[in-house]
Amino acid sequence: MAESVELPSRLGILPFRNKVLLPGAIIRIRCTSPSSVKLVEQELWQREEKGLIGILPVRDAAETASVGPALSQGVGSDHGERSSRIQVGTTDPQKLDGKNQQEVIHWHTRGVAARALHLSRGVEKPSGRVTYTVVLEGLCRFSVQELSTRGTYYTARISPLEMTKADMEQVEQDPDFVSLSRQFKATAMELISVLEQKQKTGGRTKVLLETVPVHKLADIFVASFEISFEEQLCMLDSVDLKLRLSKATELVDRHLQSIRVAEKITQKVEGQLSKSQKEFLLRQQMRAIKEELGDNDDDEDDVAALERKMQTAGMPSTIWKHAQKELRRLKKMQPQQPGYNSSRAYLELLADLPWEKASEELELDLKAAKERLDHDHYGLVKVKQRIIEYLAVRKLKPDARGPVLCFVGPPGVGKTSLASSIATALGRKFMRISLGGVKDEADIRGHRRTYIGSMPGRLIDGLKRVGVCNPVMLLDEIDKTGSDVRGDPASALLEVLDPEQNKTFNDHYLNVPFDLSKVVFVATANKVQPIPPPLLDRMEVIELPGYTPEEKLRIAMGHLIPRVLDQHGLSSDFLQIPEAMVRLIIQRYTREAGVRNLERNLAALARAAAVRVAEQEQPVPLSRDVPRFASPLVENRLADGAEVEMEVIPMDENNHEISNAFKLASPLVVDEAMLEKVLGPPRFDDREAADRVATPGVSVGLVWTTFGGEVQFVEATAMVGKGELHLTGQLGDVIKESAQIALTWVRARATDLKLAAAEGINILDGRDIHIHFPAGAVPKDGPSAGVTLVTALVSLFSQKRVRADTAMTGEMTLRGLVLPVGGVKDKVLAAHRCGIKRVILPERNLKDLVEVPPAVLGSLEILLAKRMEDVLEQAFEGGCPWRQHSKL
Ligand code: ADP
């Protein structure tokens, strides 16, 4: 610490531009200008004893509106002494030797004498210019009496401003000074503690407070932090100790406050450092550690893998750009951040979608395709022919925009398996999208990504799963889509099936167009009517009628049984199902248009056989030649225990014959007993109709449902009442009206039909009529029950039973005309299935009979009716009741 120094009367002056060196402060400067180099050289470097220089603040010309004393336009002192006017040629005092700009330097009149604590000389290469680096310590204030130049640098005649010892002692007695110095020390102490807390510097600074005189402390403290040039000058000018102390206290206090405010802000910001940011920092550290350990298997690798996958996905360039944008977004996110997973799942989808990946199309061999279809499916000649035509067109023109094939028919008639055969024939992958019950357009088109839990529609999802862009896509049950408030799936399907639009199919989730034009669409439906007309317009309907029992038998023997055996790990060596048994299954256990239940029943038999085979294989030591299943007799014996082998073999015949006998009998042959055991008692029999029409008032109708044609009984009964008509059985409006029409017609013809004894008698007098359609849980509608209703009513009023072997269908007008109805083929097949022998049809439906398999037609008597009377004539044994009456 600088002690009080003897100042010479003249000092070499180093001007400090906009800067003040206060006593006690230490500064390191580099002198490069010729004037300052000269000054340092002469005043410090070349002196033997330690030299002093004066540091004099100089104000920028722009800042002349200064307060406090300054030497301007010349240099003088505040004591009124003036020296000769000095003109300098530059604004930069350190470039005293500078240019010819006639500008005035604003010298401050007070400065600080400084000594060099350290001095080093350097020579710049290649210019050879000499520079000095000086560490200066401010010692004491002086005031400039006169300023003059010595060579290239300034010198000044000065007078010291520091107090003498006596003056000091006097001031120290001043109570104001004492309280000021106490206050200063307290503030300084506080600052030191704050700084020490922050920087954890030991207690060294505190020692200063004890040892250094307070007026010097004031300078040292103020010099230790940044204050403005004006404040520095003000401090320099505070020659009066009390003034200096109060000024210093103010500045130190201000600095203290600013440190505190800054600390508070930092604390606040630190508090706000959110959890995710902290996690981010920790994760960064963890990543760094993992990298160091060579153990880097985290998300970044995943993202890199995703990026690689995206690069190989073959996206079109526009979509690739879009994907890259999304990827950049993902890279910036943290895995815990909301939206990360959804963004990732989206990119995974983009990467997984088959943008250009296609199954290689084989050269289409029509002969092989035909063989394949024949191999997979029995019958269906026309359908197969149409498929071959379709394939032939594709062969000639692979990108042909033919209509979409739509197989329409009851369940289990082979719609799906035909579509899959098309895929096999084309050598493409096959995928099925079930549209049954789809009411939400988003199921087809996907949800926008803004929704929580959003996902792509079924088409895009299916394509992702199948992994190629040219599969055969089966739109299953296209007639079962409905529309509600959530949009209309049919309109989305329209876009899918339209060759013009499906090149750029827009899934809401995907949000970029996907080309569906390479997909081969095939649709299935149970009925044509519910398909919206615009959709139907884009499809070519191929109807698959139900099968006749004979066809079912052939399908079962040729296709279903081998498949079922194979699926259960059996072969005909283990299980045989004779034709007669298959017939029984068809008659007694299934009553369907397709073969699905038949297949199910066959599978049940196979399962039962599989259990027996599996059970027998282990515990019973049967030799290879010994049958596992023989007659029930053998079976029973085998079941008794392990010695059975011994009991079976020693019979009278020779061994050869015995083993042959066993070999023949070896497979388990299904018989009636086994059928009942496995499938339960028969579910249907041909006597059903006879039983149900045993009482008057019941007639047999034929209806058409999504399951194909079916036999529908109509029951009518009368009871005491007021002539009202009650209808039950989940009926729609149309069928209810048919019932009204039927009743009206019967009432109007009551006399003709001999239902009323004389004209004018109300047959409903004192009674109500109730008509019920059994299978009450199934909704029914349509006009085709008209003739059946009339027949039931006539039967009721005449108390004559209708024929049990006759079923009917037809709409009736109020005047008794019988109008044609739909679904004749299915209805006739259903009648045949149910053992009906005679079918009454509207005459105008004759043309539809060509579609009925001849085998079925051959076994049925078809009766055509033009008027209701014709129906009644055929429905009753021995003709219509009125004829009988008339005969009597
Ligand atoms: P759908 O799609 O019409 O409901 P599926 O195609 O699922 O019916 O057929 C049900 C089962 O019946 C399948 O195992 C199928 O192979 C078989 N099947 C249907 N029709 C035939 C047929 N004509 N020849 C051979 N198998 C058939």
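Residues numbered from 1 in each chain as written. Predicted model: local features only at pLDDT ≥ 70, side-chain atom pairs only at ≥ 80, totals over all residues. Heavy atoms only, no water.

1. What to know about the nonpolar core
Moving on, step 1. Counting 61 residues, the largest nonpolar core has Val746, Ile769, Ile771, Val790, Leu793, Phe797 and Leu872 as the members making the most contacts within it.
Moving on, step 2. Considering each element in turn, this core owes the most residues, 8 residues, to helix α28 (residues 786-798).
Moving on, step 3. Residues within four places of Leu793 in sequence aside, it is in contact with Ala716, Ala742, Leu743, Val746, Ile769 and Ile771.
Moving on, step 4. Ranked by size, the runner-up nonpolar core spans 55 residues in total, among them Leu380, Val413, Ala556 and Val582. (Core = buried A, V, L, I, M, F, W, Y, C linked by side-chain atoms within 4.5 Å. Buried < 20%, exposed > 50% of the residue type's maximum accessible area, 1.4 Å probe, protein only. Helix = DSSP H or I, 4+ residues; strand = E, 2+ residues; numbered from the N terminus. Contact = heavy atoms within 4.5 Å.)

2. Some points on the UniProt feature "active site" (unreviewed entry) in the protein chain
Moving on, step 1. When the UniProt feature table is mapped onto this chain numbering, "active site" (unreviewed entry) sits at Ser784 and Lys827. For the residues just named, distributed over 44 residues, the greatest C-alpha separation is only 11.0 Å, placing them together at one site.
Moving on, step 2. For Ser784, the location among the structural elements is in the loop between β21 (767-772) and α28.
Moving on, step 3. Inspection of the secondary structure puts Lys827 in helix α29 (residues 824-833).
Moving on, step 4. Residue classification places Lys827 among the buried residues on the basis of a relative accessible area of 2%. (UniProt positions renumbered as here; feature names shortened; annotations may be inferred.)

3. Considering the site of the ligand
Moving on, step 1. Gly412, Lys415, Thr416, Arg563 and Arg596 are the nearest of the 19 residues found near the ligand.
Moving on, step 2. With respect to the ligand, the side chain of Thr416 contributes an N or O atom lying 2.4 Å from an oxygen atom.
Moving on, step 3. Between the ligand and Ser417, the relevant distance is 2.9 Å, taken from an oxygen atom to a main-chain nitrogen or oxygen of the residue.
Moving on, step 4. Isolated, the ligand exposes 560 Å² of accessible area, and the fraction of that covered by the protein chains is 90%.
Moving on, step 5. Elements that contribute at least two residues to the shell around the ligand include exactly α14 (415-426), α19 (549-567) and α21 (596-617).
Moving on, step 6. Looking at the shell around the ligand residue by residue, the classes come out as 8 nonpolar, 6 polar and 5 charged. (Near = heavy atom within 4 Å. Polar contact = N/O pair within 3.5 Å; in protein donor to acceptor, adjacent residues only side chain to side chain. Areas by Shrake-Rupley, 256 points an atom, 1.4 Å probe, with all protein chains shown as cover. Nonpolar A, V, L, I, M, F, W, Y, C, P; charged D, E, K, R; others polar.)

4. Brief notes about the sheet that holds strand β14 (residues 520-525)
Working definition: the strands of a sheet are paired by backbone hydrogen bonds and lie parallel or antiparallel to each other.
Moving on, step 1. An order of β10-β11-β14-β9-β15 is seen for the 5 strands of this open sheet, with the pairing classed as parallel. Strands at the two margins of the open sheet, each flanked by one partner only, are β10 (430-434) and β15 (539-543). Neighbour-to-neighbour, the strand axes of this sheet turn through a mean angle of 25°, independent of strand direction.
Moving on, step 2. Relative to β14, strand β9 (residues 404-408) runs parallel, the two being bridged by 4 bridges. Paired with Cys406 across the strands is Ala523, a residue of β14.
Moving on, step 3. Across the face of the sheet, helix α16 (residues 458-466) comes into contact with β10, β11 (472-476) and β14 while running at roughly 155° to β10. (Pairing = 2+ DSSP bridges. Axes fitted to C-alpha atoms, helices over the stretch in contact; angles between N-to-C directions.)

5. Brief notes about the UniProt feature "binding site: ATP" (unreviewed entry) in the protein chain
Moving on, step 1. In the numbering used here, UniProt assigns the "binding site: ATP" (unreviewed entry) feature to Gly409, Pro410, Pro411, Gly412, Val413, Gly414, Lys415 and Thr416.
Moving on, step 2. Mapping Pro410 onto the fold places it in the loop between β9 and α14.
Moving on, step 3. Each residue touching Pro410, except ones within four places of it in the same chain, is listed here: Lys415, Asn526, Leu544, Gly546, Ala593, Thr706, Phe707, Gly708 and Asp826.
Moving on, step 4. Looking at the element boundaries, Gly414 is found in the loop between β9 and α14.

6. A short note on the packing of aromatic side chains
Moving on, step 1. Scanning all chains against the criterion turns up 5 aromatic pairs.
Moving on, step 2. Pairing Phe184 with Phe221 gives two aromatic rings, centres 5.8 Å apart and planes at 90°, and the pair type is edge-to-face. Note that Phe184 is positioned in helix α3 (residues 175-199) and Phe221 in helix α5 (residues 214-223), a separation of 37 residues in sequence. The same class applies to Phe184 as to Phe221, namely buried.
Moving on, step 3. A centroid spacing of 5.8 Å and a plane angle of 70° characterise the contact between Tyr346 and Tyr509, whose relative ring orientation is edge-to-face. Residue Tyr346 is found in helix α11 (residues 340-352), and its partner Tyr509 is found in the loop between β12 (505-506) and β13 (513-514); the two are separated by 163 residues along the sequence.
Moving on, step 4. A relative accessible area of 6% means that Tyr509 is categorised as buried.
Moving on, step 5. For the cation-ring pair, Arg449 lies above Tyr346, with the distance from its terminal atom to the ring centre recorded as 3.9 Å.
Moving on, step 6. One cation-aromatic arrangement involves Lys527 over Trp704; the distance from NZ or CZ to the ring centre is 5.1 Å. (Phe/Tyr/Trp six-rings, centres within 6.5 Å; stacked < 30°, edge-to-face > 60°. Lys NZ or Arg CZ within 6 Å of the ring centre and 35° of its normal.)

7. Topic: the packing of α28 against helix α31 (residues 868-875)
When two helices pack together, their arrangement is given by the angle between the helix axes and by the axis-to-axis distance.
Moving on, step 1. Where α28 contacts α31, the axes come no closer than 10 Å and their chain directions differ by 55°. By the criterion of interaxial angle, the relationship of α28 to α31 is oblique. At the point where α28 passes α31, the crossing takes the right-handed sense. Residues Val787, Val790, Thr791 and Val794 of α28 lie in contact with α31, whose contacting residues are Met868, Val871, Leu872 and Ala875.
Moving on, step 2. Here the residues of the contact of α28 with α31 are counted per class, giving 7 nonpolar, 1 polar and no charged. (Parallel < 35°, antiparallel > 145°, perpendicular 65-115°, else oblique. Left-handed = near helix turned anticlockwise from the far one by under 90°.)

8. A look at unusual backbone geometry
Moving on, step 1. Positive phi is not limited to glycine here, since Asn18 has a value of about 55°.
Moving on, step 2. Relative to the assigned elements, Asn18 resides in the loop between β1 (10-17) and β2 (26-31).
Moving on, step 3. Within the chain, Asn511 stands out as a residue other than glycine whose phi angle is a positive 65°.
Moving on, step 4. With respect to the element layout, Asn511 can be found in the loop between β12 and β13.
Moving on, step 5. On the basis of relative accessibility, which here comes to 49%, the residue Asn511 falls in the partly exposed class.

9. Brief notes about the pairing of β9
Moving on, step 1. Of all 5 residues in β9, 5 are buried, a share of seventy percent or more.
Moving on, step 2. Neither face of β9 is open: one carries Val404, Cys406 and Val408, the other Leu405 and Phe407, and all of them are buried.
Moving on, step 3. Sheet analysis places β9 next to β15, joined by 5 bridges and oriented parallel. Bridging across to β15, Phe407 finds its partner in Ile542.

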